[in-house]
Amino acid sequence: MAPCGTAIMPAQFVDDVDDLRIRLWVNEELMIDARTSGMLFKCDEIVTKIGEHITLGPGDIVFTGSPSEAHLHPDQHNYRGSMAGLYHSELVPNA
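Residues numbered from 1 in each chain as written. Predicted model: local features only at pLDDT ≥ 70, side-chain atom pairs only at ≥ 80, totals over all residues. Heavy atoms only, no water.

Enquirer: Whenever I open this one, the pairing of strand 4 (residues 87-91) confuses me. Can you help?
Expert: Successive side chains on a regular strand alternate, one facing one side of the sheet and the next facing the other. In this structure, strand 3 (residues 79-83) lies alongside strand 4, joined through five bridges in antiparallel fashion. Directly across from arginine 80, in strand 4, lies its bridge partner glutamate 90. The hairpin turn running from strand 3 into strand 4, its antiparallel successor, is three residues long, and alanine 84 in that turn takes a positive phi close to 50 degrees. (Pairing = 2+ DSSP bridges. Helix = DSSP H or I, 4+ residues; strand = E, 2+ residues; numbered from the N terminus.)

Below you can see the structure in the form of structure tokens.
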């Protein structure tokens, strides 16, 4: 399951893709509070490497995993995420 919101932010409106704050709450408890600067590879390196094997197009989304401090539990239901104040998403499955 990967809720992604209703819009994609064009790169021209993002100050520094390599230092975005990413947060995820599970049942209102903050579980992830990290920055893209803490990733092993920079975002453009990831896209370049993937592009060597498949064709990426506008609107494609690349999932890279989660930080080591993330301890998510699949039995918890309410997920709310944000990225650098640019994007917010919430997922509350039916009970």
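Next comes the rest of the account.
Enquirer: Hey, could you run me through the sheet that holds strand 4 in this one?
Expert: By definition, the strands of a sheet pair up through backbone hydrogen bonds, in either a parallel or an antiparallel sense. Sheet architecture is open: four strands sit in the order 2-1-3-4, paired in antiparallel fashion. A single partner strand is all that each edge strand has here, and the edge strands are strand 2 (29-35) and strand 4. Adjacent strand axes in the sheet meet at a mean angle of 10 degrees when their direction is disregarded. Both strand 1 (residues 21-26) and strand 2 contribute to a ladder of six bridges, which runs antiparallel. Looking at the pairing, valine 26 lines up with glutamate 29 of strand 2. (Axes fitted to C-alpha atoms, helices over the stretch in contact; angles between N-to-C directions.)

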